[in-house]
Amino acid sequence: MRHRRDSREDGETSGDTCRKGQTQTMTSSFPWFGMDIGGTLVKLVYFEPKDITAEEEQEEVENLKSIRRYLTSNIAYGTTGIRDVHLELQDLTLCGRKGNLHFIRFPTHDLPVFLQMGRNKHFSSLHTTLCATGGGAYKFENDFRTMADLQLHKLDELDCLVRGVLYIDSVMSSGPSECYYFENPTDPDHCVQKPYLLENPYPLLLVNIGSGVSILAVYSENNYKRVTGTSLGGGTFLGLCCLLTGCSTFEEALEMASEGESTRVDKLVRDIYGGDYERFGLPGWAVASSFGNMMSKEKRESVSKEDLARATLVTITNNIGSITRMCALNENIERVVFVGNFLRVNTLSMKLLAYAMDYWSKGQLKALFLRHEGYFGAVGALLELLHPS
Amino acid sequence: MAFNGHQHDNEIVDEDETPSKLPRCNKEMHGHLRNDPQNEAAAPAGPSTSDRWASNATPRHRKDSVKKTRPPFPWFGMDIGGTLVKLVYFEPKDITAEEEQEEVENLKSIRRYLTSNIAYGTTGIRDVHLELQDLTLCGRKGNLHFIRFPTHDLPVFLQMGRNKHFSSLHTTLCATGGGAYKFENDFRTMADLQLHKLDELDCLVRGVLYIDSVMSSGPSECYYFENPTDPDHCVQKPYLLENPYPLLLVNIGSGVSILAVYSENNYKRVTGTSLGGGTFLGLCCLLTGCSTFEEALEMASEGESTRVDKLVRDIYGGDYERFGLPGWAVASSFGNMMSKEKRESVSKEDLARATLVTITNNIGSITRMCALNENIERVVFVGNFLRVNTLSMKLLAYAMDYWSKGQLKALFLRHEGYFGAVGALLELLHPS
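Calculation criteria
- Residues numbered from 1 in each chain as written.
- Chains lettered and ligands numbered in written order.
- Predicted model: local features only at pLDDT ≥ 70, side-chain atom pairs only at ≥ 80, totals over all residues.
- Heavy atoms only, no water.
- UniProt positions renumbered as here; feature names shortened; annotations may be inferred.
- 1 Å grid on protein atoms, 1.4 Å probe; cavity = no way out; pocket = protein on both sides within 12 Å on 5 of 7 lines; lining within 4 Å.
- Points joined across faces, edges and corners; volume = space filled by probe spheres on them.
- Helix = DSSP H or I, 4+ residues; strand = E, 2+ residues; numbered from the N terminus.
- Nonpolar A, V, L, I, M, F, W, Y, C, P; charged D, E, K, R; others polar.
- Contact = heavy atoms within 4.5 Å.
- Buried area = accessible area lost by both parts, 1.4 Å probe.
- Salt bridge = Lys/Arg side-chain N within 4 Å of Asp/Glu carboxyl O.
- Polar contact = N/O pair within 3.5 Å; in protein donor to acceptor, adjacent residues only side chain to side chain.
- Pairing = 2+ DSSP bridges.
- Axes fitted to C-alpha atoms, helices over the stretch in contact; angles between N-to-C directions.
- Domains from an automatic or database assignment.
- Buried < 20%, exposed > 50% of the residue type's maximum accessible area, 1.4 Å probe, protein only.

Chain B appears in an unreviewed UniProt entry as pantothenate kinase from Nothobranchius furzeri. Word for word, the UniProt comment on chain B under Subcellular location (unreviewed entry) is "Cytoplasm". According to its UniProt record, chain B has this under Sequence similarities (unreviewed entry): "Belongs to the type II pantothenate kinase family."

Per an unreviewed UniProt entry, the recorded name for chain A is pantothenate kinase, and the organism is Nothobranchius furzeri. Of the comments in the UniProt record for chain A, the one headed Subcellular location (unreviewed entry) reads "Cytoplasm".

Here you go:
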């Protein structure tokens, strides 16, 4: 292993070194995984080396080869595992090795299946360190040991999140921009996604919308704080939708929401005032009371499941937006980056957030989004494996 | 202004107003009462004088003032909200024989109707336990009544006003709340009444400060919960809201407004949230099939929200120590409901409870952020979401205390959702 120094061109996060002064044998052995076991989903990043020499290949143990083949030749695993191919980062250099970074997810509910697979493939015999973050790294630590004979190296989810975000942003020099925003969020015909160069990112407000929400203020690479959080997150959206509409997956819920009309469900300012509430700058179309119309039997019978799904999405999204705005104001930060799998394939919420940030702050705040949405914790865990802090 | 024979211009009274411990406005009485930045309820000389008011005393002008111009009876204050109409009615108890004789029939009829019933039609209710007796307002002594009915039934109310020829009394009807704007035309066309529209937050602040100031005897208006986390020892205790400023005022109606009140005439709306009482009731109706607020609360009191919510311990297996999140804290409200198995295992009561907990905690969380940013330690929660809702009050008390490590205190007021209406009544009597 050559001595690595901070080198952006090599795709290393500036400030991190790959075990400076150590020899190759000290580098973590393959496979290189980063794992984030969340409340709803497990996010897995896997580095597939593409620069394996003939010699290396010959020495490679069978199960390692098998794992590599299994992961890279499939895009679906079992019934619920998915590899997000569109997020794959190719020709990445990590710790002196060149390869592809893969992004895989499956429901935390199916972790036992994953563990069984690890057992079957004798993963533990590879003696690799498995860096894992998220609550599940703590909750399932014993299960990893007993079911798959694996020792987890537990990491804090927010440390990993911040680290992962800063890293991914730094390596995305080519290809689609990692960071983007929405121009004209209120105008459906002209609302477009535009790349954003997140240089000099500090200070940054990072809003992670998973099952629940954490809001972090990031001042520099190694300096961040958790400002607050809210329990009304992605899990609330999905849970309520399942109850209200009978749907069972996130994708179904989003589908319904895209077809519904929340204004039939919510009580708007104009429903109470007959127009705007001018004195305090509340336009008639603003929601005064989410689901407020639903106390009326008549109105309950007149709305569709799609309307309810839409209202749920709008309610949760706007609540997050509102809380975020307060934090941005108080922390005196103008840029807000939204991440987390609530936003996966959820353009509706992204546009709502973009609009809300812009409108209520009178243009002061900018809502930014990152393509790798919910994977940053896992990326951060992988980085910890390669560059222990 | 047409009088109805209820003017007591030169009566001997000790105070024009039930003594206030807060400086209000000047007692000069030229024509309409003006709201000058001096003592409205001047140095109390009546029986309820107490030392703590002495410092607020200013020389009284009232006795030397010219004939007062009080608005004619009836005296109402109205707050037409998104869900409920709140009405305060002042019933004079010092009507002289002469006055009574001159009193027009419909005015008498209105007074009798309101004070001899505690329910009106199918949905109107007079909160008798909130009645303020022996109150002195504008030199008149009487009882202040608190009445509510669903905004949905406003047409019925208007019809009644029409039937009783309310408009012939030529009284000003001071109304606040969104409905004062939305239904302004209906008042005119259906009952021939001209509303004097007032801002709901102005009225709210005014009403809160007034009620707090007059509650010298009887149950304390302001209270808090001691030991909110310990069900066996959680008790309601009176709180003396002296030197109330600065104050964070959280009004939980259909929606929520959060105000920072710096002084009597200086407040700002800090923020609001659309997840309020209307959300609680709307979601409960959808999730449980209930149809009233009381039913929803009843169900919530019997449910267990931890089956519905995903807690920190459900994700971490315990506490999330690094950031001080205990295992019992909710990580994801309704988060367990994405699982079919869990959906089938919870009851309607659990869902009602989870809805209440979710809405309440969200308000608590937002409130806490505001208190922190505005640098205010006392938070007063009002609004009809808290009516007969001890569960939410205790949750709020607990949340404020726990998450702020004892820095914040949650306070509550007995007259909950009526302050806007009181403020409207005050505007009638003391136009600003």
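Caption draft 1: The arrangement of empty space enclosed by the protein in detail. Here the structure, examined in full by the defined rule, presents 5 cavities of 30 Å³ or more. In this structure, the largest cavity spans a volume of roughly 70 Å³. What lines the largest cavity is a set of 14 residues, and nearest its centre among them are L232, L240, T315 and I316 of chain A together with L283 of chain B. Where the lining of the largest cavity is concerned, the elements lending two or more residues are α7 (234–245) and α11 (305–331) of chain A together with α8 (277–288) and α12 (348–374) of chain B. Of the residues contributing to the lining of the largest cavity, the split by class is 8 nonpolar, 6 polar and no charged.

Caption draft 2: Highlighting the interface of chain B and chain A. On the side of chain A, 58 residues touch chain B, which itself brings 58 residues to the contact. Interface area for chain B against chain A, summed over the two sides, is near 4500 Å², with a carbon-plus-sulfur share of 61%. When the buried area of chain B at its contact with chain A is split by residue, L286, Y316 and M338 of chain B rank highest and sum to 14% of it. One can count 4 salt bridges joining chain B with chain A. R279 of chain A is the salt-bridge partner of D202 of chain B, the closest N and O atoms lying 2.8 Å from each other. For the pair chain B and chain A, the number of links is 25 residue pairs in polar contact (both at pLDDT 80 or more). Tallied by class, residues from the side of chain B that touches chain A come to 24 nonpolar, 24 polar and 10 charged.

Caption draft 3: Highlighting the sheet that holds strand β11 (residues 247–252) of chain B. Residue and element names in this part refer to chain B. Strands sit in the order β10-β9-β17-β16-β11-β12-β13 across an open sheet of 7 strands; the sheet is mixed. Edge positions in the open sheet fall to β10 (235–238) and β13 (266–273), since each of these has one partner strand only. Across the sheet, the mean angle separating the axes of adjacent strands is 30° when strand polarity is ignored. When strand β12 (residues 256–263) meets β13, the two strands line up antiparallel, connected through 7 bridges. Paired with I258 across the bridge in β13 is T271. Sheet strands in contact with helix α13 (residues 390–403) are β9 (222–226), β11, β16 (378–382) and β17 (409–413), and its direction is about 155° off that of β17.

Caption draft 4: Examining the sheet that holds strand β17 (residues 366–370) of chain A more closely. Residues and elements named next belong to chain A. Taking strand neighbours across the sheet as the criterion, the 7 strands line up as β10-β9-β17-β16-β11-β12-β13 in an open arrangement whose pairing is mixed. Two strands in the sheet have a free side with no partner beyond their single neighbour: β10 (192–195) and β13 (223–230). The average undirected angle you get between the axes of adjacent strands in this sheet is 30°. With 4 bridges connecting them, strand β11 (residues 204–209) and strand β16 (residues 335–339) associate as parallel partners. Opposite L206, over in β16, you have V337 as the bridge partner. Against the sheet, α11 touches β11, β12 (213–220), β13 and β16, its axis set at about 140° to β13.

Caption draft 5: The domain arrangement of chain B, seen in detail. All names here are of chain B. Segmenting chain B into domains produces domain 1 (70–213 + 420–429), domain 2 (222–304 + 347–413) and domain 3 (309–345). For the domain 1 and domain 2 pair, buried surface summed over both sides reaches about 1200 Å², with 66% attributable to carbon and sulfur atoms. The three residues of domain 1 that bury the most area against domain 2 are L201, V205 and L209, which together make up 38% of that side's buried surface. Seen at the junction of domain 1 and domain 2, the total is 0 salt bridges. At the boundary of domain 1 and domain 2, one finds 2 residue pairs in polar contact (both at pLDDT 80 or more). Elements supplying a minimum of two residues to the side of domain 1 that touches domain 2: β2 (84–92) and α7 (200–214). Per element, the largest residue contribution to the side of domain 1 that touches domain 2 is 7 residues, and it comes from α7.

Caption draft 6: The arrangement of the pairing of strand β1 (residues 75–80) of chain B in detail. Residue and element names in this part refer to chain B. In terms of burial, β1 is a largely internal element, 6 of the 6 residues being buried. Note: β1 against β2, 6 bridges, orientation antiparallel. When the sheet's bridge partners are listed, M78 is paired in β2 with L87. The antiparallel hairpin formed by β1 and β2 contains 3 residues in its connecting segment. Strand direction decides the pairing type here: β1 and strand β7 (residues 173–176), joined by 3 bridges, are parallel. Bridging from a neighbouring strand, M78 pairs with A175 of β7.

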